[in-house]
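A look at the structure
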Amino acid sequence: MECHEQGKTRFMYTKIPMFKEIILSSFYCDHCGFKNTEVQFGGKLADTGVKYVFKVDSEASINRSIVKSEFATIRIPELDFEIPPQTQKGSINTIEGFIARSIEGISALQEERRRFDPVIAAKLDEFILKLADYQAGKVLPFT
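Below is a short write-up of the structure.

Bringing the overall build of the chain into the picture now. Helix and strand counts for the chain come out as 4 helices and 7 strands. In terms of overall dimensions, the chain has a C-alpha envelope of 45 × 40 × 30 Å along the principal axes. Buried positions account for 27% of the 143 residues belonging to the chain. Nonlocal contacts in the chain, meaning residues at least 24 apart in sequence, comprise 47% of its contacts between residues at least 6 apart. Summed over its atoms, the accessible surface of the chain is roughly 10100 Å², and 54% of this surface lies on carbon and sulfur atoms.

Here it is, written out as structure tokens:
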């Protein structure tokens, strides 16, 4: 919470067909406008992991919704880019949305990096532009 006042948390237990049971939690504070949503699995965890590969080959497929667990890693091998589980908690988002959140996260400390390490900041600026091209559908197809 931003303001430490009382907000509202709502939970919804649902089953996604041909997938799993999940618990959607949503928090909203009327005082400061802070909001947060998370997805947690409501059923039994499997003994082994699962790997899904999705080929993004059109602008429509960039808007495909994905349920990402708190244990999942998202990879874009063409960019040698990875979203580890710790950086984006369990959520439901589009491919474009996950990339947008990554851009926000990388950009968050860029001003400070420019002052202390301009070489790294310049490389990250280039990478952010590449990510933005993928997000906008300018680079197709990708995995």
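Let's pick the thread back up.
Our focus in this paragraph is the sheet that holds strand β1 (residues 8-15). If you trace the 3 strands from one edge of the open sheet to the other, you get β1-β2-β3, paired in antiparallel fashion. Either end of the sheet is taken by a strand with one partner, and the two such strands are β1 and β3 (35-41). Each adjacent strand pair in this sheet contributes to an overall mean axis angle of 15 degrees, direction not counted.

This part takes up the state of the cysteines. Here the structure, examined in full by the defined rule, presents 0 disulfides. Take C29: it sits in no disulfide, and the sulfur closest to it among the cysteines is that of C3, at 3.6 Å. This cysteine, C32, is not joined by any disulfide, and C3 carries the nearest cysteine sulfur, 3.7 Å off. Given the relative accessible area of 35%, C32 is considered partly exposed.

Turning next to the packing of aromatic side chains. Counted according to the given criterion, the structure contains 3 aromatic pairs. For the pair F81 and F127, a centre-to-centre distance of 5.5 Å together with 50 degrees between the ring planes defines the contact as tilted. Taken together, the residues span a long stretch of sequence, with F81 in strand β6 (residues 81-83) and F127 in helix α4 (residues 118-136) at a distance of 46 residues. With respect to class, F81 is no different from F127; both count as buried.

Counting 16 residues, the largest nonpolar core has I76, L79, F81, I99, L131 and F142 as its most contacted members. Elements supplying a minimum of two residues to this core: β6, α2 (95-107) and α4. When residues in this core are grouped by element, the largest group, 5 residues, is from α2. Beyond its immediate stretch of four places on either side in the chain, L131 contacts L79, F81, I99, I103 and I106.

Rules used throughout
- Residues numbered from 1 in each chain as written.
- Predicted model: local features only at pLDDT ≥ 70, side-chain atom pairs only at ≥ 80, totals over all residues.
- Heavy atoms only, no water.
- Helix = DSSP H or I, 4+ residues; strand = E, 2+ residues; numbered from the N terminus.
- Buried < 20%, exposed > 50% of the residue type's maximum accessible area, 1.4 Å probe, protein only.
- Contact = heavy atoms within 4.5 Å.
- Areas by Shrake-Rupley, 256 points an atom, 1.4 Å probe, with all protein chains shown as cover.
- Pairing = 2+ DSSP bridges.
- Axes fitted to C-alpha atoms, helices over the stretch in contact; angles between N-to-C directions.
- Disulfide = S-S within 2.5 Å.
- Phe/Tyr/Trp six-rings, centres within 6.5 Å; stacked < 30°, edge-to-face > 60°.
- Core = buried A, V, L, I, M, F, W, Y, C linked by side-chain atoms within 4.5 Å.

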